[in-house]
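# A look at the structure
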Amino acid sequence: MRQIWLKMSSPEQSERTPRTCCAKVFIQRDYTEGTACKFQTKFPPELEGKVEPSVFDHTVNTINAMYFEAERKDTRTYCEGCLACLTAYTVFLCVDTHYEKVG
């Protein structure tokens, strides 16, 4: 169970006290377009009253767009993979990978 730490406002209690949160919410993967990493944008009922559906939708769509860009396959990605194999992956000590550039 996830814990949220709250700082007490009274001066005599300067310690942080944990407050347990509600149950975990899992966002399911979306396999409608194959096995690409993508999450469903269906609003989970556990988040009712905690997060607005439009904020949830925007967040999931942003994450999906980042995964789409990271998983994109093009000539540059294949060349990066071949160069990595030829140099025993030491090339990544000098240059950023495609995944690091996306984030």
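Everything in this summary refers to the structure shown in the same document. Predicted, not measured: the structure shown is a model, and the values here were computed from it.

### A short note on the environment of Thr77
By secondary structure assignment, the location of Thr77 is in helix α2 (residues 75-86). Spatially, the C-alpha atom of Thr77 lies 9.0 Å from that of Thr97, the residues being 20 residues apart in sequence. A polar side-chain atom of Thr77 sits 2.7 Å from a polar atom in the side chain of Asp74.

### Some thoughts on helix α1 (residues 53-70)
Counted at 1.5 Å a residue, the expected span for α1 with its 18 residues is 26 Å, and the 26 Å between its end C-alpha atoms agrees. Taken together, the buried positions of α1 are occupied by Phe56, Val60, Asn64 and Ala70. Taken down its axis, α1 places every buried residue within 120 degrees of arc, on the same side. Looking at α1, the residues exposed on the side facing more than 90 degrees away from the buried face are His58 and Phe68.

### Observations regarding the state of the cysteines
A complete count under the given rule lists 0 disulfides for this structure. Lacking any disulfide linkage, Cys82 is separated from the closest cysteine sulfur, that of Cys79, by 6.4 Å.

### Section: the packing of aromatic side chains
Taken as a whole and judged by the stated rule, the model has 3 aromatic pairs. Ring centres 5.4 Å apart and planes at 85 degrees place the aromatic pair Phe43 and Phe56 in the edge-to-face group. Here Phe56 lies in helix α1 and Phe43 lies in the loop between β2 (16-20) and α1, a separation of 13 residues in the sequence. With respect to burial, Phe43 and Phe56 carry one shared label: buried. Ring centres of Tyr89 and Phe92 lie 6.0 Å apart, and the angle between their planes is 40 degrees; on these two criteria the pair is classed as tilted.

Rules behind the numbers
- Residues numbered from 1 in each chain as written.
- Predicted model: local features only at pLDDT ≥ 70, side-chain atom pairs only at ≥ 80, totals over all residues.
- Heavy atoms only, no water.
- Helix = DSSP H or I, 4+ residues; strand = E, 2+ residues; numbered from the N terminus.
- Polar contact = N/O pair within 3.5 Å; in protein donor to acceptor, adjacent residues only side chain to side chain.
- Expected span 1.5 Å × (residues − 1).
- Buried < 20%, exposed > 50% of the residue type's maximum accessible area, 1.4 Å probe, protein only.
- Arc of directions from axis to C-beta.
- Disulfide = S-S within 2.5 Å.
- Phe/Tyr/Trp six-rings, centres within 6.5 Å; stacked < 30°, edge-to-face > 60°.

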